[in-house]
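Take a look at the letters that make up each chain.
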Amino acid sequence: MKVPFAPPRMDQKVIDEVSDTLLSGWITTGPKTKRLEKELAQYCNVENVLALNSATAGLEIILRWFGVKEGDEVILPAYTYTATANVVIHCGAKPVFADIGDDFNMNAANLKSLITPRTKVIMPVDFGGLPCDYDAINNIVKSESVKSLFVPQNDIQQKLGRILVLSDAAHSFGAVYNNRKTGILTDITVFSFHAVKNLTTAEGGAVALNLPAPFSNQQVYDYLCIYTLHGQNKDALAKMQKGNWRYDVIEAGYKCNMTDIMASIGLVELSRYDETIAKRKTLTQKYHDEFKKFDWAILPPSETSTAETCYHLYALRIKNCTEVQRDAIMQKMFDKDIAVNMHFIPVPMLSFYKNLGYHIMDYPVAYQTYCSEISLPLFYNLTDEQQQFVIATLIESVTEVLKK
Ligand SMILES: *Cc1c(COP(=O)(O)O)cnc(C)c1O
């Protein structure tokens, strides 16, 4: 039996919606993208959401909008996908990595010691869909002692008057913290709709704006629409209106808009997203029930007193496992045609970052987590039979590898 890792849920409904767009005469950013933005905003209970072609673009655009540049520092967890760190490098700033706690998320307790007068942004990552401890993080950036360290270098930074909290919620669309969904938990939240994410548009992402007064989120949204489309003051659809051809460029903007083709996939995905989460929760519960019998199993956190994940990953950890043993377990799964995965190789272990002088031993929890983690197949159409096979094979593989 073959078990894939996380194929997207593509069916006739998606095909119909995409066909409708393809044949509508308008395939790039237009009515469907705008509808998706509105529905996303409603879902997260924020005023404005901007849809883009990736989460990576969203994170970078916001860093650039906030004026992050050479000499600045951005704090992010060592345990994330490289996109979170790469965008900091693109802006010429320095990534400052935080170690994680045993919930895979950035440890808010260490955060204060990493903040300097150069810190401009904190980018927490909601690993596997579980929201970070945002009360703790928001309280730190809003505390007088931390605010007094902040050195604003432009009007936007002056207006905020403190470190910006930009959450990388690539995994956590629909997750809940203190009874509120992600999107409204920090100043700005970025979602990913990449093909393997819970809600997909093939590639894609979105930026949820929740800036405090005196910011107008509508104004920031309007500006970002221009900034992500060459800095041009009219989009293609507006230019199409009869006689409305003349445009201006107010700055050298970027090009990372979402297309209506992508948005059509997203509209269908969003319309049944609660069902998606419910199914993923059931599958997660099944894994929990089977693995909790074994003392080698460290189950991924899915619910805490304040948060509930959106069940993006089933990130199992094997107690006291070495990197070599983990690789051996993964190989046994591959040998049985089960696609497992590993989230993540900590960023400081990757050549580019190692060469910049980062050292994984400075992030011991990230390293131990890396050595012991295996992500199991988790997707809407995973059958009972397939899941049983994954469970039995995993138990057998771990038992064999650990007894050597
Ligand atoms: C997938 C992912 C991203 C990047 O998302 P894209 O939409 O592919 O740009 C960023 N951060 C994390 C943690 C991710 O898993």
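Quick caveat, the model's predicted, so the values are computed rather than measured.

Parameters at a glance
- Residues numbered from 1 in each chain as written.
- Predicted model: local features only at pLDDT ≥ 70, side-chain atom pairs only at ≥ 80, totals over all residues.
- Heavy atoms only, no water.
- Helix = DSSP H or I, 4+ residues; strand = E, 2+ residues; numbered from the N terminus.
- Rg over C-alpha atoms; globule rule 2.2 N^0.38 Å.
- Buried < 20%, exposed > 50% of the residue type's maximum accessible area, 1.4 Å probe, protein only.
- Contact = heavy atoms within 4.5 Å.
- Areas by Shrake-Rupley, 256 points an atom, 1.4 Å probe, with all protein chains shown as cover.
- Axes fitted to C-alpha atoms, helices over the stretch in contact; angles between N-to-C directions.
- Left-handed = near helix turned anticlockwise from the far one by under 90°.
- Nonpolar A, V, L, I, M, F, W, Y, C, P; charged D, E, K, R; others polar.
- Near = heavy atom within 4 Å.
- Polar contact = N/O pair within 3.5 Å; in protein donor to acceptor, adjacent residues only side chain to side chain.
- 1 Å grid on protein atoms, 1.4 Å probe; cavity = no way out; pocket = protein on both sides within 12 Å on 5 of 7 lines; lining within 4 Å.
- Sits in = over half its atoms within 2 Å of the grid points.
- Core = buried A, V, L, I, M, F, W, Y, C linked by side-chain atoms within 4.5 Å.
- Domains from an automatic or database assignment.
- Pairing = 2+ DSSP bridges.
- Phe/Tyr/Trp six-rings, centres within 6.5 Å; stacked < 30°, edge-to-face > 60°.
- Points joined across faces, edges and corners; volume = space filled by probe spheres on them.
- Parallel < 35°, antiparallel > 145°, perpendicular 65-115°, else oblique.
- Right-handed = clockwise from strand over helix to strand, strands pointing away.
- Buried area = accessible area lost by both parts, 1.4 Å probe.
- Salt bridge = Lys/Arg side-chain N within 4 Å of Asp/Glu carboxyl O.

A. The arrangement of the overall build of the protein in detail. Helix and strand counts for the protein stand at 16 helices and 13 strands. Its C-alpha atoms give the protein a radius of gyration of 22 Å, near enough to 22 Å, the size a compact globule of 404 residues would have. Counting only C-alpha atoms and orienting by the principal axes, one finds that the protein spans roughly 70 × 55 × 40 Å. Here the protein, with 404 residues, has 55% of them falling under the buried criterion. At a minimum sequence separation of 6, the contacts of the protein that also span at least 24 residues come to 72%. Total accessible area on the protein stands at roughly 17200 Å², and carbon and sulfur atoms take up 53% of it.

B. Seen up close, the packing of helix H3 (residues 55–65) against helix H4 (residues 82–90). Viewed as axis vectors pointing N to C, H3 and H4 meet at an angle of 35°, and their least axial separation amounts to 9 Å. Between H3 and H4 lies a crossing whose hand is right-handed. Between H3 and H4, the residues in contact are Thr 56, Leu 59, Glu 60, Leu 63 and Arg 64 and Ala 83, Thr 84, Val 87, Val 88 and His 90, respectively. Residue classes in the contact of H3 with H4 are distributed as five nonpolar, three polar and two charged.

C. A look at the site of the ligand. The environment of the ligand is formed by 16 residues, the closest being Thr 56, Asp 168, His 171, Ser 192 and Lys 197. Contact between the ligand and Ala 55: an oxygen atom at 2.9 Å from a main-chain N or O atom of the residue. One of the side-chain nitrogen or oxygen atoms of His 171 is found 2.7 Å away from an oxygen atom of the ligand. Put simply, the ligand lies in the largest pocket. Partitioning the shell around the ligand into residue classes produces six nonpolar, eight polar and two charged.

D. Focus on the side chain of Ser 192. If you trace the backbone, Ser 192 turns up in strand E8 (residues 188–192). Looking at Ser 192, its side chain comes within polar contact range of the main-chain nitrogen of His 194, at 3.1 Å.

E. Looking closely at the nonpolar core. Trp 65, Met 123, Leu 166, Phe 291 and Leu 376 are the most contacted members of the largest nonpolar core, which totals 127 residues. Residues lining this core come from more than one domain, with at least three contributed by each of domain 1 (12–270) and domain 2 (273–402).

F. Fine view of the sheet that holds strand E6 (residues 176–177). Pairing in this open sheet of three strands is antiparallel, and the strands run E7-E6-E11 from one edge to the other. What marks the edges here is a single partner per strand, and that holds for strand E7 (180–181) and strand E11 (307–308). Pairing analysis gives two bridges linking E6 to E11, with the strands arranged antiparallel. Of the residues in E11, the one forming a bridge with Val 176 is Glu 308.

G. Spatial organisation of the packing of aromatic side chains. The final tally for this structure, using the stated rule, is 27 aromatic pairs. Between Tyr 79 and Phe 104, the ring centres sit 6.1 Å apart and the planes meet at 40°, which makes this aromatic pair tilted. One end of the pair, Tyr 79, is in the loop between strand E2 (73–77) and H4; the other, Phe 104, is in the loop between strand E3 (94–98) and helix H5 (108–114), and 25 residues separate them in sequence. For the residue pair Tyr 79 and Phe 104, the accessibility class agrees, reading buried in each case. Between Phe 97 and Tyr 353, the ring centres sit 6.1 Å apart and the planes meet at 80°, which makes this aromatic pair edge-to-face. In this pair, Phe 97 sits in strand E3 while Tyr 353 sits in helix H14 (residues 351–355), placing the two residues 256 residues apart along the sequence. Across this residue pair, the class does not change: Phe 97 and Tyr 353 are buried. Ring pairing ties together the aromatic residues Tyr 43, Phe 173, Phe 191, Phe 193 and Tyr 273, which thus form one cluster.

H. Molecular detail of helix H15 (residues 364–372). Taken together, the buried positions of H15 are Ala 366, Thr 369, Tyr 370, Cys 371 and Ser 372. Looking at the buried positions of H15, the neighbouring elements they touch are strand E12 (314–318), helix H13 (323–335) and strand E13 (373–376).

I. Just empty space enclosed by the protein, in detail. For the structure on display, the rule yields three cavities of 30 Å³ or more. Volume-wise, the largest cavity comes out at about 130 Å³. Along the lines of polarity and charge, the residues of the lining of the largest cavity split into eight nonpolar, three polar and four charged. When residues of the lining of the largest cavity are sorted by domain, at least three fall in each of domain 1 (12–270) and domain 2 (273–402).

J. Spatial organisation of the packing of H3 against helix H9 (residues 217–227). At their nearest, the axes of H3 and H9 sit 12 Å apart, and the two run at 110° to each other. As far as their axial angle goes, H9 and H3 are roughly perpendicular. Here H3 and H9 pass one another in a crossing that is right-handed. Contacts between H3 and H9 pair Ile 61, Ile 62, Arg 64 and Trp 65 from the former with Val 220, Tyr 223, Leu 224 and Tyr 227 from the latter. Class assignment for the residues of the contact of H3 with H9 results in seven nonpolar, no polar and one charged.

K. Here's a closer look at the pairing of E3. Taken across its five residues, E3 has four buried, putting it largely inside the fold. Two elements, E2 and E3, share five bridges in a ladder whose sense is parallel. The partner of Ile 75 across the bridge, within E3, is Val 96. Each parallel crossover has a hand, and the one from E2 via H4 to E3 is right-handed.

L. How the structure looks around the domain arrangement of the protein. Partitioning the protein into domains gives domain 1 (12–270) and domain 2 (273–402). Using only C-alpha atoms to locate each centre, domain 1 and domain 2 end up separated by 27 Å. Contact residues are listed per partner, giving 38 residues for domain 1 and 37 residues for domain 2. In total, domain 1 and domain 2 occlude about 3000 Å² of area from one another, counting both sides; carbon and sulfur atoms represent 63% of this. Among the residues of domain 1 in contact with domain 2, Tyr 79, Phe 97 and Asn 198 are the three that bury the most area, contributing 22% of the side total. Across the contact surface, domain 1 and domain 2 share zero salt bridges. Linking domain 1 with domain 2 are 23 residue pairs in polar contact (both at pLDDT 80 or more). If you list the elements that add at least two residues to the side of domain 1 that touches domain 2, you get H4, E3, E6 and helix H11 (260–271). Among the residues making up the side of domain 1 that touches domain 2, the classes are represented as 21 nonpolar, eleven polar and six charged.

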